[in-house]
Amino acid sequence: MDAISCIKERRSVRKYEEKIIPHEVMEEIIESASYAPSWKNTQIVRYIIVEDREKIEKISQECVLGFEYNTKTMKDAAALVIVTMVKGRSGYEKDGSFSTPKGDRWQMFDAGIASQTFCLAAHTKGVGSVIMGIFDDDQVGEAVSIPEGQQVAAIIAVGYPKFTPEVPKRKSVEELISYI
């Protein structure tokens, strides 16, 4: 699959078949996602794959701040990918000072790029995904015992799609671009 087709065809998938994603497939997706660019090649993003149905249930019930749409999506997924970031590296100098006025927010750029790269790689393997952001970071971190020095950035629900969602209306290039 060429890159442009992958970008244009990938959809946020929220309904999945009852089918397990083999570890080999997940590892191939992560290997591809590891090529996502990062601040000074710090490669701060880590992936915790949650397959345990009890843990998925706990996260979907207790960690999504009452957002039932996420609860339903999570329960239907084959797995949840907890995307974490190693704190204090992206956007920092070796002496611990910030490299840009964005301060510690730069790590979210790296996590976002890595999450999108993960989703594109998953799409090439026939695995559907949706990135979710409505959750309690601390509760999710506690539920999956994230390592010290890491912070939860996103949750990606994954599974084999029940169907391919329609392409949502896109803004025209004229609406998106300006030249000065």
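Preceding this paragraph is the structure being described.
The following paragraphs examine the structure supplied in this document. (Residues numbered from 1 in each chain as written. Predicted model: local features only at pLDDT ≥ 70, side-chain atom pairs only at ≥ 80, totals over all residues. Heavy atoms only, no water.)

### Focus on the packing of helix α3 (residues 53-62) against helix α4 (residues 68-76)
Note the cut-off: Fitting a line to C-alpha atoms yields each axis, with helices limited to the stretch in contact; the angle taken between N-to-C directions then spans 0 to 180 degrees. To qualify as a helix, a DSSP run of H or I must reach at least 4 residues; to qualify as a strand, a run of E must reach at least 2; elements of each kind are numbered from the N terminus. Should an angle fall under 35 degrees it is taken as roughly parallel, and over 145 as roughly antiparallel, whereas 65 to 115 is taken as roughly perpendicular and any remaining angle as oblique. Whether two residues are in contact is decided by their heavy atoms: any pair within 4.5 Å suffices. Three residue categories are used. Nonpolar comprises Ala, Val, Leu, Ile, Met, Phe, Trp, Tyr, Cys and Pro, charged comprises Asp, Glu, Lys and Arg, and polar comprises the others, including Gly.
Where α3 meets α4, the closest approach of the two axes is 8 Å, and the angle between their N-to-C directions is 170°. In this view, α3 runs roughly antiparallel relative to α4, as classed from their interaxial angle. Facing α3, whose interface residues are R53, I56, E57, I59, S60 and Q61, α4 presents T71, M74 and K75. Looking at the contact of α3 with α4 residue by residue, the classes come out as 3 nonpolar, 3 polar and 3 charged.

### Observations regarding helix α5 (residues 106-124)
Applicable threshold: Here the expected span of a helix is defined as 1.5 Å times the quantity of residues minus one.
Between its first and last C-alpha atoms α5 spans 28 Å; for 19 residues at 1.5 Å apiece the expected length is 27 Å, and the two agree. At its buried positions, α5 is contacted by α1 (3-9), α2 (23-33), β1 (45-50), β2 (79-86), β3 (128-132) and β4 (150-159). G126 sits one or two residues past α5 and shows a positive phi near 80°.

### Thoughts on the side chain of T84
Relative to the elements of secondary structure, T84 occurs in strand β2. The residues contacting T84, other than those within four sequence positions of it, are I44, V45, R46, I48, I146, Q150, Q151, V152 and A153.

### Some remarks on the state of the cysteines
For clarity, the threshold we go by: Throughout, disulfides are identified as pairs of cysteine sulfur atoms within 2.5 Å of each other. Exposure is judged per residue with a 1.4 Å probe applied to protein chains only, and the accessible area is read against the type maximum: over 50% gives exposed, under 20% gives buried, and values in between give partly exposed.
Per the counting criterion, the structure on display carries 0 disulfides. Here C6 stays free of any disulfide, with the sulfur of C119 as its closest cysteine sulfur at 10 Å. Given a relative accessible area of 6%, C6 falls into the buried group. Among the cysteines around C63, which has no disulfide bond, C119 carries the closest sulfur, lying 20 Å off. Residue C63 is classed as buried on the basis of its relative accessible area of 2%.

### Things to note about the packing of aromatic side chains
Our working definition: Stacked, edge-to-face and tilted labels apply to pairs of Phe, Tyr and Trp rings (six-membered ring for Trp) whose centres lie within 6.5 Å, assigned for plane angles under 30 degrees, over 60, and everything in between, in that order. As a reminder, the over-ring test applies to NZ of lysine and CZ of arginine, requiring each to be within 6 Å of the ring centre and within 35 degrees of the ring normal.
Enumeration over the complete set of coordinates arrives at 5 aromatic pairs. Considering the side-chain rings of Y47 and F118, the 5.7 Å spacing of their centres and the 25° angle between planes classify their relative orientation as stacked. Highlighted residues: Y47 in strand β1 and F118 in helix α5, separated in sequence by 71 residues. Judged on exposure class, the residue Y47 and its partner F118 are both buried. Seen from their ring centres, Y92 and F98 are 5.0 Å apart, and the 45° between their planes marks the pair as tilted. What makes Y92 buried here is its relative accessible area of 16%. A network of ring pairs unites the aromatic residues W39, W106 and F109 as a single cluster. The positively charged end of K19 is found above the aromatic ring belonging to Y160, 4.4 Å away from the centroid.

### Thoughts on the pairing of β3
Along a regular strand, successive side chains alternate from one face of the sheet to the other. What counts, and what does not: Pairing between two strands is assigned when DSSP locates at least 2 bridges connecting them.
In terms of residue burial, β3 counts as a mostly covered element, since 4 of its 5 residues are buried. Summarising the sheet, β3 and β4 pair through 5 bridges and their orientation is antiparallel. Of the residues in β4, the one forming a bridge with I131 is I156.

### Here we look at the pattern of salt bridges
This is how the line gets drawn: Salt bridges are defined by distance alone: a side-chain nitrogen of Lys or Arg within 4 Å of a carboxyl oxygen of Asp or Glu.
Within the structure shown, the criterion is met by 4 salt bridges. Note that E57 and K75 form a salt bridge whose closest N and O atoms lie 3.5 Å from each other. One end of the pair, E57, is in helix α3; the other, K75, is in helix α4, and 18 residues separate them in sequence. On the basis of relative accessibility, which here comes to 36%, the residue E57 falls in the partly exposed class. According to the relative accessible area criterion, K75 is partly exposed, its value standing at 36%. One salt bridge connects K58 with E62, and the closest N-O pair in it is separated by 3.4 Å. Of the two residues, K58 and E62 both sit in helix α3, 4 residues apart, roughly one turn of that helix.

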